[in-house]
Number of protein chains: 2
Amino acid sequence: MVNFTVGPVQSSEGVLAIGAEQVPYFRTSEFSELMLDNERLVKKFAHATEDSRVVFLTCSGSGGMEAAIMNTLTKDDKALVINGGSFGERFVELLTLHEIPFSEIKLEYGKALKQEHLAPFEGKGYTTFVYQKHETSTGVHFNAKLISEFCKRNDCFMIVDTISTFLADPFDMTDLDAGVMITGSQKALACPPGIAVMILAPSALERIEKAKCCCQYLDLKLALRNQDRGQTPWTPAVGVLRQINMRLKEIDAAGGDAAEIARTAHLAEYFRDKLKEYNLPFEIISESLSNAVTPLHPTTQSAHQLFLKIKDEYGMWICPNGGDMKDTVFRVGHIGYLQENDYDKLIDAFLDLRDKKFI
Amino acid sequence: MVNFTVGPVQSSEGVLAIGAEQVPYFRTSEFSELMLDNERLVKKFAHATEDSRVVFLTCSGSGGMEAAIMNTLTKDDKALVINGGSFGERFVELLTLHEIPFSEIKLEYGKALKQEHLAPFEGKGYTTFVYQKHETSTGVHFNAKLISEFCKRNDCFMIVDTISTFLADPFDMTDLDAGVMITGSQKALACPPGIAVMILAPSALERIEKAKCCCQYLDLKLALRNQDRGQTPWTPAVGVLRQINMRLKEIDAAGGDAAEIARTAHLAEYFRDKLKEYNLPFEIISESLSNAVTPLHPTTQSAHQLFLKIKDEYGMWICPNGGDMKDTVFRVGHIGYLQENDYDKLIDAFLDLRDKKFI
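Given the structure is predicted, the values throughout are model-derived calculations rather than measurements.

### Quick word on the nonpolar core
Then step 1. Core analysis: the biggest nonpolar cluster contains 182 residues, and Phe129(A), Leu306(A), Phe350(A), Phe129(B), Leu306(B) and Phe350(B) have the highest contact counts within it.
Then step 2. When neighbours within four sequence positions are excluded, Phe350(A) is seen to be in contact with Phe271(A), Leu280(A), Phe282(A), Leu306(A), Ile310(A), Ile318(A), Phe330(A) and Ile359(A).
Then step 3. By size, the runner-up hydrophobic cluster in this structure holds 72 residues, among which are Ile69(A), Leu94(A), Phe91(B) and Ala196(B).

### A closer look at empty space enclosed by the protein
Then step 1. Under the criterion given, the structure shown has 5 cavities of 30 Å³ or more.
Then step 2. For the largest cavity, the calculated volume is near 280 Å³.
Then step 3. Around the largest cavity, the lining comprises 27 residues; the ones closest to its centre are Gly19(A), Gln243(A), Gly19(B), Pro192(B) and Gln243(B).
Then step 4. Where the lining of the largest cavity is concerned, the elements lending two or more residues are α1 (13-19) and α10 (238-253) of chain A together with α1 (13-19) and α10 (238-253) of chain B.
Then step 5. A breakdown of the residues in the lining of the largest cavity according to their chemical character gives 14 nonpolar, 9 polar and 4 charged.
Then step 6. Estimated volume of the second largest cavity: approximately 150 Å³.
Then step 7. Taken together, 18 residues form the lining of the second largest cavity, with Phe56(B), Leu57(B), Thr232(B), Pro233(B) and Trp234(B) sitting closest to its centre.
Then step 8. Those elements that provide at least two residues to the lining of the second largest cavity are β2 (53-58) and α9 (220-227) of chain B.

### Points about the relation of the copies chain B and chain A
Put simply, the second copy of the chain is the first one after a rotation about an axis and a shift along it.
Then step 1. Structural alignment of chain B on chain A gives an RMSD of 0.0 Å, achieved by rotating through 180° and translating 0.0 Å along the axis. Such values leave the two copies arranged in the relation of a two-fold axis.
Then step 2. Of the residues that chain B buries at the interface, 100% are likewise interface residues in chain A, meaning the two copies contact each other through the same surface.

### Digging into the interface of chain B and chain A
Then step 1. Contact residues are listed per partner, giving 54 residues for chain B and 54 residues for chain A.
Then step 2. A combined buried area of about 3900 Å² lies between chain B and chain A, and 61% of that area is made up of carbon and sulfur atoms.
Then step 3. Among the residues of chain B in contact with chain A, Gln22(B), Tyr25(B) and Gln216(B) are the three that bury the most area, contributing 17% of the side total.
Then step 4. In this structure, the connection of chain B to chain A is made through 2 salt bridges.
Then step 5. Linking Lys311(B) and Glu30(A) is a salt bridge whose minimum nitrogen-to-oxygen distance equals 2.8 Å.
Then step 6. Linking chain B to chain A there are 12 residue pairs in polar contact (both at pLDDT 80 or more).
Then step 7. Breaking the side of chain B that touches chain A down by element, the ones donating at least two residues are α1, α2 (29-46), α3 (61-72), α4 (86-97), α12 (303-314) and β14 (319-320) of chain B.

### What about the state of the cysteines?
All names here are of chain B.
Then step 1. Overall, the coordinates contain 0 disulfides over all chains when judged by the stated rule.
Then step 2. Unpaired in terms of disulfides, cysteine 151 finds its nearest cysteine sulfur in cysteine 156, a separation of 4.9 Å.
Then step 3. The buried category is assigned to cysteine 151, whose relative accessible area is 4%.

### Thoughts on the pattern of salt bridges
Then step 1. Here the structure, examined in full by the defined rule, presents 40 salt bridges over all chains.
Then step 2. Between Glu99(B) and Lys75(B) there is a salt bridge, with its nearest N and O atoms 3.1 Å apart. Here Glu99(B), found in the loop between α4 and β4 (102-106), pairs with Lys75(B), found in the loop between α3 and β3 (79-83); they are 24 residues apart in sequence, far enough to count as distant.
Then step 3. The partly exposed category is assigned to Glu99(B), whose relative accessible area is 48%.
Then step 4. In this structure, Lys145(B) engages Asp175(B) in a salt bridge whose closest nitrogen and oxygen atoms are separated by 3.3 Å. One end of the pair, Lys145(B), is in helix α6 (residues 144-154); the other, Asp175(B), is in helix α7 (residues 173-176), with 30 residues separating them in the sequence.
Then step 5. Given the relative accessible area of 40%, Lys145(B) is considered partly exposed.
Then step 6. Relative accessible area serves as the criterion here: at 39%, Asp175(B) is assigned to the partly exposed category.
Then step 7. One connected set of salt bridges, linked through shared partners, spans Glu30(A), Lys311(B) and Asp312(B).

### Brief notes about the confidence of the model for chain A
Then step 1. Per-residue confidence for chain A gives a mean pLDDT of 98, with 100% of residues at or over 70.
Then step 2. Quick note on the complex model: pTM equals 0.98, ipTM equals 0.98.

### A closer look at the pairing of strand β2 (residues 53-58) of chain A
Then step 1. With 6 of its 6 residues buried, β2(A) lies for the most part within the structure.
Then step 2. Side-chain alternation along β2(A) places Arg53(A), Val55(A) and Leu57(A) on one buried face and Val54(A), Phe56(A) and Thr58(A) on a second face that is also buried.

### Comments concerning the sheet that holds strand β11 (residues 282-284) of chain A
All names here are of chain A.
Then step 1. Across the sheet, 4 strands lie side by side as β11-β12-β15-β14; this open sheet has antiparallel pairing. Each of the sheet's edge strands pairs with one partner strand only, and the pair in question is β11 and β14 (319-320).
Then step 2. Bridge analysis of strand β12 (residues 293-298) against strand β15 (residues 330-333) gives 4 bridges, and the strand direction is antiparallel. Residue pairing in the sheet places proline 295 in a bridge with arginine 331 of β15.
Then step 3. The sheet strands contacting helix α11 (residues 256-277) are β11, β12 and β15, and the helix crosses β12 at an angle near 25°.

Reading the values: the criteria
Residues numbered from 1 in each chain as written. Chains lettered and ligands numbered in written order. Predicted model: local features only at pLDDT ≥ 70, side-chain atom pairs only at ≥ 80, totals over all residues. Heavy atoms only, no water. Core = buried A, V, L, I, M, F, W, Y, C linked by side-chain atoms within 4.5 Å. Buried < 20%, exposed > 50% of the residue type's maximum accessible area, 1.4 Å probe, protein only. Contact = heavy atoms within 4.5 Å. 1 Å grid on protein atoms, 1.4 Å probe; cavity = no way out; pocket = protein on both sides within 12 Å on 5 of 7 lines; lining within 4 Å. Points joined across faces, edges and corners; volume = space filled by probe spheres on them. Helix = DSSP H or I, 4+ residues; strand = E, 2+ residues; numbered from the N terminus. Nonpolar A, V, L, I, M, F, W, Y, C, P; charged D, E, K, R; others polar. Least-squares fit on C-alpha atoms with pLDDT ≥ 70 in both. Buried area = accessible area lost by both parts, 1.4 Å probe. Salt bridge = Lys/Arg side-chain N within 4 Å of Asp/Glu carboxyl O. Polar contact = N/O pair within 3.5 Å; in protein donor to acceptor, adjacent residues only side chain to side chain. Disulfide = S-S within 2.5 Å. pLDDT = per-residue confidence, 0-100. Pairing = 2+ DSSP bridges. Axes fitted to C-alpha atoms, helices over the stretch in contact; angles between N-to-C directions.

Here it is, written out as structure tokens:
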């Protein structure tokens, strides 16, 4: 099976080789060193400040999103959140559950964020901005620079979910002055799922110190205190953390985040060019694309039927959408261990399906 | 390295082979079937009632412990908790954090639970009993039958942490009339860490339906609704769940839970007999042993120094203790993919260290 979804994605040979090994005992100096090395490399690739910290939680990216809300916001905050798809909707749910006052910028699916969306909220006392840099469900890459400028003007603390964009699109945490960034092991980090990674700038560390977290398991104070010595409060997904280490070192050796982003951008461009070249019956639904994924509306067939057909008859996974978009949208990912010839196979399958009048 | 810790433990060849594979996309009927198969086999091996349910959370066992407290107890409960080591202490912390009224049965480390410990709490309106069937930190296997009888007499809902005892010691959820049982992927399930498994009896399902969980990520209502169709609300540790499936099928083929428990009991006995045979300077500190682990007090050397020595010079991990017990206790595990000759190697190392007057 070739995997074009946006997670779990395909891993390198080096990462898979670690998956085949016994998982070592972890309350050791050897594992601590690996964890501190992971912290160093994640900060390097995110261009975080030296005094930022990284924690690795054993949970999905959604667990990381909730940890950010629970540990850095209080009822005294006033948050602004972008809701442009199912992950924006999740932030709305989390702010509601944790009783953080907020306003929502509701964007039509596929639409980019513009200055005009932010204008009504200028100077209105917002303390926090919460958003996806890349709304994975619709493939819309929001303009983080625009948001950063809003935050700087309005003195807003920034929580940015970069789950599917970190290492796929440029990200400079220092330049954006983000307080919290969140990513997951199974996106462009291209490891098995199980670990959420969070970078915490000093502004976040200060908030965490003051907040009372309502969940011990996701308490970042405990995570930070343990990460001081390269450890975790609870038994972590040790295997995935070792795979992350291998992957970070592979990226470092290949030229760092810039090289990895360029590689991904090239694959995205290669695929998008082919779509045009063969005039396939798919419309790109996003006004602002990430390198991570191409979101497509098939004009002649149900997206879900196409997903099943490609899976069952061609041995490939394209990425289905859920909910309202189940029949109208599918996505083709460009993260993970993919090559040009994988896209050639996918394009051949689409062409075959067009010949057979399925699309 | 040979791994005698109590988690992560060694995995079978079949489980490791899956670790070497690409992690598949999971929003598919194929993955749903695997998850429902996991549910069926876990229930079978725990002797749960047909109308019990199983959820698989991507977190450590501690996350499962907290999910149990958050989703099935409220401020109207009155809980009784056994605190006989660091995991009992964790339940105390969780009950405190979540403001569940409770009383604590504090047992000296290593001591068994007796009827006299329960007597003062009879007929005092306790609604819930929370405990470790096996307190992993001290290797004390509590008498679950005694607790079950107390619960039946006092109409108590039972939350039992079987994290390190499930598949190592006999466990019959129906017979005990437990409401919630919790285990983890990295104990006797012998898979990499990352998944907490919970079995929920109808009494628990009823409580979950009524409770308001303060954490979306650990909300069992959401987990149950998704597990109805073999799915999870968030991207789970798909790789580990596939390994769990392999392992459950291996156990089933080898004779089920009874055969696996007998295999573990045999290894424990083999090791304990050798300790006696060679009169090694270690005292067993538990009054009531589990098959999962042998907890030892070395009488002639610091336990932590012994852990480091065995790791660095003999290529084996024994299991260190933390906190107060760091220098006084170490443990030798019997769960995971271990054989008699692994114990021969460990005994040889101990004998060598005695010859060298290290112990």
